Amino acid sequence: MAAPLLVLMVLALAGGLIHVPTESVFAAPGHGEHQVSTLMHSIMIAVPLLGIALSYLFYGSRTLSVERLMSNNVARGLHRFWFAGWGFDGLYRRLFITPYLWLAAINKRDVVDTASEFLVILSEAGNAMLARSQSGSLRWYILSVVGGTVLLITLGGVL
Amino acid sequence: MTLLWILLLLFFGGVLAWLSEIFDSRFPRWIALLSVVATFIPLLQLYGSFDAQRESLWIIEFSRSWIPSLGINFMLAIDGLSLLLVGLTSFLGIIAVGAAWVEIRDRAGFFYFNLLWTLAGVVGVFTAIDLFLFFFFWEVMLIPMYFIIAIWGHENKRYAATKFFLYTQFTGMLLLVSLLCLVYFFTIQYGYLSFAYEDLLRLEVGGKLEMWLMLGFFIAFATKLPSVPFHSWLPDAHSQAPTAGSVLLAGVLLKTGAYGLIRFTLPLFPESSAQFTPVALTLAVISILYCAKVALAQSDIKRLIAYTSVSHMGFVLLGIYAWNLIGLQGAMMTMLAHGLSAAALFSLAGGLQGRLHTRDMRRMGGLWALVPRMAVVALFFSVAALGMPGLGNFVGEFLSLLGVFSVSIWAAALAALGMIVASVYSLWVMQAVFQGAQNPEEDQALLSDLDARELALYGLMMMGLILLGLFPNAFLDVSAIALEHLSSASDAFVAVRGRL
Amino acid sequence: MEKEFAAMPITPAVDFDDLLLLLPHELIGLAIVVGMLSVAIGRNHFVSTVISTAGMFAAGVAAAVQLYELTMGAATTMVTALFVIDALSALFITLLTFSAIGIAIMSFAYFHKLDDARDEFQLLLSLATLGAITLVSSAHFITVVIGLEMLSMALYGMIAYPVHSGAWAANSLESAIKYLTLSAVASATMLFGMALIFAATGTLVFLEIAVSTGPLFYIGLLMLFVGAAFKLSLVPFHLWTPDVYQGGPLPAVAFLATLGKVAVAVFVIRLFSQPQIGEVVAVSTVVALVAMASILAGNLLALRQTNLKRLLAYSSIAHMGYLLIAVLSISVPSVSGGNATSSLALESALFYLLVYSLLSLGAFGCAILVSSSEAEAAGVEDYRGLFWRSPWLASALLVMVLGLAGIPLTAGFIAKFQVLFVAVSGSQWALVGALVIGSAIGLFYYLRVVYQMLMPVIETKEAFALREIGLESLGLPLVLAVLTIVVLWLGVYPEPLFTLITAASSF
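What counts as what
Positions within a chain are numbered from 1, following the residues in the order the chain's sequence is written. Working convention: letters from A go to chains and numbers from 1 go to ligands, in the order in which they are written. Where totals are concerned, whole chains, interfaces and linings use all residues; where local detail is concerned, this predicted model gives features only for residues with pLDDT of at least 70, and gives and counts side-chain atom pairs only at 80 or more. The basis for the side-chain values is all heavy atoms of the structure; hydrogens and waters are excluded. Working convention: axes come from line fits to C-alpha atoms, limited for helices to the stretch in contact. Angles between N-to-C directions cover 0 to 180 degrees. Each helix corresponds to a stretch of at least 4 residues labelled H or I by DSSP, and each strand to a stretch of at least 2 residues labelled E; elements are numbered beginning at the N terminus. Note on terminology: angles under 35 degrees are roughly parallel, angles over 145 are roughly antiparallel, angles of 65 to 115 are roughly perpendicular, and the others are oblique. Definitions for this section: a left-handed crossing has its near helix turned counterclockwise from the far helix by less than a right angle. A right-handed crossing has that turn clockwise. What makes two residues a contact is simply this: any of their non-hydrogen atoms within 4.5 Å. Polar here means any residue outside two lists: the nonpolar Ala, Val, Leu, Ile, Met, Phe, Trp, Tyr, Cys and Pro, and the charged Asp, Glu, Lys and Arg; Gly therefore counts as polar. Stacked, edge-to-face and tilted are the three classes for Phe, Tyr and Trp ring pairs, Trp counted by its six-membered ring, which pair at centre distances within 6.5 Å; planes under 30 degrees apart are stacked, over 60 edge-to-face, the rest tilted. When accessible area is computed with a 1.4 Å probe and restricted to protein chains, residues below 20% of their type maximum are described as buried, those above 50% as exposed, and intermediate ones as partly exposed. A 1.4 Å probe defines the accessible area here, and the buried area is the portion of it lost by two parts on being joined, summed over both. Whenever two N or O atoms come within 3.5 Å, that pair is a polar contact, provided that in protein one can donate a hydrogen and the other can accept it, and provided that, for residues adjacent in sequence, both atoms are side-chain atoms. Any Lys or Arg side-chain nitrogen located within 4 Å of an Asp or Glu carboxyl oxygen qualifies as a salt bridge. When DSSP locates at least two bridges between a pair of strands, those strands are taken to pair. The span one expects for a helix is its residue count, reduced by one, times 1.5 Å. Using protein atoms alone on a 1 Å grid, points that fit a 1.4 Å probe yet trap it form a cavity, whereas open point sets bounded by protein on both sides within 12 Å along at least five of seven lines form a pocket; residues with an atom within 4 Å of a point count as lining. Grid points are joined across faces, edges and corners, and a volume is the space filled by probe spheres set on the points.

Let's talk about the packing of helix α14 (residues 325-356) of chain B against helix α18 (residues 452-470) of chain B
All names here are of chain B. Packing of α14 against α18 brings their axes to within 10 Å, and their N-to-C directions diverge by 155 degrees. Comparing the axis directions of α14 and α18 gives the class roughly antiparallel. When the axes of α14 and α18 are compared, the crossing they make is left-handed. The segment α14 lies against α18, with M333, L336, A337, L340, S341, A343, A344, S347, L348 and R355 engaging E454, Y458, M461, G464, L465 and L468. Classifying every residue of the contact of α14 with α18 gives 11 nonpolar, 3 polar and 2 charged.

Pasting the structure below:
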């Protein structure tokens, strides 16, 4: 188990020194613009080493006590925050997942579909209205013929 | 002649399949399979002899006088675009017959009759270049599909079948009115009646009227595609249709809408289509995002896949209204790839329903342990649908986005979000159905995994998707001339859009 | 008055050629007389049917020969001032007589088991057919009235025919009384209209009406239209239709729905293709309104109807509305000048009429096949699972219903397509809208019938007994088969009929 981890560790620290031939794909970086200062380089190399040293002091030599550190409130909070991956999961949950699920849930039945239902209701209303005229009684039918004649002649006169 | 043969093969194959039921209930499916496979052979031949340097637009044509007193001819023709789509139709025909193989035991003869007639109608739609003939096939393919849903559908089939028929018929009437107006103007301008595509292309209507006519065409095709807000028939039709019906609907019928837009709406009405582009792109983006969102809320697995279909067809609409070669190629590739992946997903959903007797995902879960082969197949098609590079869907959607990027950066950016939400629902389905805890209330111990027939079908579709993903040029080259011709022929379109 | 009569070109004597031209009418008349005599000698249902069928068949053949000669270039002839024998009348006499034969065969099966006088129905049928063919070949208002009354009188008898027993008996009587009363009102209106037109123009030969305007003429024309609209059951004169359809015996209703309407429609088409009449704008606006109202009301009323006969009644209201779209466009001048549009409108009106009568006859024929005078399959429910019980019959009914809905592969589609083309060419956008909306609503109820047929048979519920195909009904499936094949054939290849109609419309 240890061997591959060791290889990875070394690579992680010193891998930057290996030259990757990407000039053919990406344009060569402009000179001077993206040069990182030597100070930055030093800090970047120093930080992981500092981490190794700290963890040695905590877990290797036990010079520093984990329990004592954890009794501090600030440290505990910081631990929880880091342990939760800088709170990114929570952030995503709040920013994306919950709103998206909410958005999905509010319109499960697809409001667009109501448009077609509206048409069905409209035509059924038309049907109900007209169906009442089919009363079956002869006097009303005669009236409709006579009334229709008058209506048509009037319309013909008006138009 | 080849085209006529394909049509006749399907029409008479259908009749024969129906009649053969009298002798043995297993005959119809064999006859159906044979006829569909037989249509595939001349298509392969056409594909093999395809010459990319060819001068003429059509690969083959067929023309006979039909109703001369109305200027109607029986004209069929095929170009690269139609060839690919007819190929897809024929291929999915085989899949559909395979999907129905054991599912349909009841009145099998009539089922395969309807199946083959639907296919014949679709092939007719893809090859007709007389607009009356096109409309004729456009309507003809709906009736057998109605029967398939209404007879072999599930619990709510009456509602679904009627809704499907009414939506498509009503918008078909709008198409007919627009078409007749177009022909009428042609008659006034040129002095003779004609429904021929190439004749009508010469007509320039212009102005407000052209916009109205274009809308008639657009609504009919956008309903079939479907695009928001004309999509609400699709989830019902899909969830109620038998598996083979869903395969045909999602795989083939939806593509006729896209085909209509590419072949007819934009070339016939270039000016108004150009003016309409912002609206169409907006509808496409809304389709992609809105339906992806609605899909996530569904618990019926077929409804869910149906909504994802609408979402994916949004990319097709996007690519079409980009109206440049890349966008159109993207639309075409998306059609092919979505045809395969949606057909496969619906088959899987049908397979699940056949085994569990439910489409409710809340009653599923943890099926991986019980049906591992099915789960792996489902995973494959899920990642295909979410646009995994190396498979056809990625190529299509990528090209669509690329095409539309040069037209509208906003539309491209928003549509690209669709690829993210696609992963959300695809993986969500996998989790809900195959992973997690098994549902303790359901007795699922005796579930059978995929058998050889099913594996062969899914294998075919997987091969197709990989082929589309790894060798897209084998398909893009075929459609390039046709699409190039279509998109470059309408100068008016480019001119108008340049001003926007 | 005398002066005006003298002006009419009445041929002094009827010679042999004139008699030959009226051969169809004479043959049916002869068959009626022979039929009456044979009933007097002895009742035999089969013999009466054969006599009336033979008469109509002979008349149909005679008319077909006339039609052939006329399309080959024979001239249109006026037989006295009363009749006109042209390709239009010959075409429709052929159609009407052969339809009537179909109905005669249907009614033979339908009445076979009736324990009462059955022969008179065949007589009435022949009489009504004679009325119908008189109407389509009329050139004079007198002939119109005679034809219409002959048709209507015979129909009263047919609708009231005593086939039902018990509580049912009242139904057919009720519908006959309704039809009689209302029809009388309509006929009176029509007569009054004719009188007004006569007063305005001085002629009763409507084929020779010269240019005439003025209020009298308008009102006369409108009243004439009211009478015709009643017979065609157009809104607002449609209320009687479902009641009469529901109550009458099926063969009588089939006759009323096909021949009864076609004959009147041909008269209306003739009237409207007179340039002076068609150009009266006010009339065509009123007609357009009637057409729209009929399409919408007919379809909406049918929406939730569960009785097949009533459903077909409402559907016929809508169909007559569609027909009217083509009719009122007959004389609309086209933009490019000339009368290209108007001949298209005329042809499509005729085609629509032909197809409608075939579809309607077929639909009623299917209903008759599963019905008899004892019990009618009237509810849509009765057709549940028909497709599985009796696939051939169901296929026929399917073709008819889909045809009425205007679905491709059937002639109904071509007919609707043409009407739509006419409306679009005339820029009649309101009518186009009504047609589109109407057919969408129509689909819904036609699909309900289709869906019922496709549903699985309920074994527990006693299925409506299919008629045992015995000797008495051998002809009926044959008639249905012919109708189905013709409807499908015309749906796929309508060109021959187009050619024929083009010839017939150049009268």
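Some words on the packing of aromatic side chains
Residues and elements named next belong to chain B. One pass over the full model with this rule turns up 73 aromatic pairs over all chains. Taking 4.7 Å as the distance between ring centres and 20 degrees as the angle between the ring planes, the aromatic pair formed by F186 and Y190 counts as stacked. Of the two residues, F186 and Y190 are both situated in helix α7 (residues 157-190); the distance of 4 residues between them amounts to about one turn of the helix. The exposure class assigned to F186 is buried, which follows from its relative accessible area of 0%. The partly exposed category is assigned to Y190, whose relative accessible area is 30%.

Some remarks on the interface of chain C and chain B
The interface of chain C with chain B comprises 40 residues on the first partner and 37 residues on the second. In total, about 3600 Å² of surface goes out of reach between chain C and chain B, with carbon and sulfur atoms giving 83% of it. Considering only the surface of chain C that becomes buried against chain B, C:F417, C:F421 and C:Y451 emerge as the three largest contributors, covering 19% of it. Where chain C meets chain B, there are 3 residue pairs in polar contact (both at pLDDT 80 or more). Of all elements in the fold, only α16 (386-389), α17 (391-405), α18 (411-425), α19 (429-454), α20 (475-492) and α21 (495-504) of chain C reach the threshold of two or more residues within the side of chain C that touches chain B. In terms of residue count, α19(C) provides more of the side of chain C that touches chain B than any other element does, 15 residues in total. When grouped by side-chain class, the residues that make up the side of chain C that touches chain B number 32 nonpolar, 5 polar and 3 charged.

Structural notes on the interface of chain A and chain B
Counting residues at the interface gives 13 residues for chain A and 19 residues for chain B. Summed over both sides, the interface between chain A and chain B buries roughly 1200 Å², with carbon and sulfur atoms accounting for 52% of that surface. Counting the contacts that link chain A with chain B gives 1 salt bridge. Among the ionic pairs, A:D113 bridges to B:K163, the shortest N-O distance being 2.6 Å. If you list the elements that add at least two residues to the side of chain A that touches chain B, you get α5 (88-106) and α6 (114-131) of chain A. Partitioning the side of chain A that touches chain B into residue classes produces 7 nonpolar, 2 polar and 4 charged.

Side note on the pattern of salt bridges
A complete count under the given rule lists 19 salt bridges over all chains for this structure. A salt bridge links B:D24 to B:R26; the nearest nitrogen and oxygen atoms lie 3.2 Å apart. Take B:R26: its relative accessible area is 48%, and that puts it in the partly exposed class. Between C:E174 and C:K178 there is a salt bridge whose closest N-O contact spans 2.7 Å. Note that C:E174 and C:K178 are positioned in helix α8 (residues 167-201) at a spacing of 4 residues, about one turn of the helix. Relative accessible area serves as the criterion here: at 4%, C:K178 is assigned to the buried category. The network of salt bridges with common partners includes A:D113, B:K163, B:D236 and B:R303.

Notes on the side chain of B:T256
All names here are of chain B. Following the sequence through the fold, T256 ends up in helix α11 (residues 243-268). Residue T256 is classed as buried on the basis of its relative accessible area of 0%. One polar contact links the side chain of T256 to the main-chain carbonyl oxygen of L253, over a distance of 2.5 Å. With near-sequence residues (within four places) excluded, T256 lies in contact with V122, V125, F126, W138, M141 and K224.

Considerations on the pairing of strand β2 (residues 72-78) of chain B
Counting buried residues along β2(B), 6 of its 7 residues qualify, which places the element largely inside the surrounding structure. Counting the residues that bridge the hairpin from strand β1 (residues 60-67) of chain B to β2(B) gives 4 residues, and of these B:G71 lies at a positive phi of roughly 70 degrees.

Some points on the side chain of C:Q305
All names here are of chain C. Among the structural elements, Q305 can be located in the loop between α13 (281-302) and α14 (308-328). Among the residues examined, Q305 registers a relative accessible area of 15% and is labelled buried. With residues up to four places along the chain from it excluded, the contact list for Q305 reads R310, L311, Y314, V380 and R448.

What to know about helix α5 (residues 87-110) of chain C
For α5(C), which comprises 24 residues, the first-to-last C-alpha distance of 34 Å matches the rise-based estimate of 34 Å (1.5 Å per residue) to within 8%. In terms of burial, α5(C) is largely enclosed, as 22 of its 24 residues are buried.

Thoughts on the layout of surface pockets
Roughly 1800 Å³ of volume is contained in the largest pocket. Around the largest pocket sit 50 residues that line it, and B:W18, B:F113, B:W117, C:V399 and C:L488 are the ones nearest its centre. Of all the secondary-structure elements, those providing two or more residues to the lining of the largest pocket are α1 (2-20), α4 (108-127), α5 (131-140) and α6 (142-152) of chain B together with α16, α17 and α20 of chain C. Of the residues belonging to the lining of the largest pocket, the class tally is 42 nonpolar, 5 polar and 3 charged. Size it by volume and the second largest pocket reaches roughly 1100 Å³. Lining the second largest pocket are 31 residues, and of these A:S116, A:L119, A:V120, A:S123 and B:L166 sit closest to its centre. Listing elements by their share of the lining of the second largest pocket, those giving two or more residues are α6 of chain A, α7 and α9 (207-224) of chain B together with α13 and α19 of chain C. Broken down by element, the lining of the second largest pocket gets its largest block of residues, 9 residues, from α7(B).

Geometry only, nothing functional implied.
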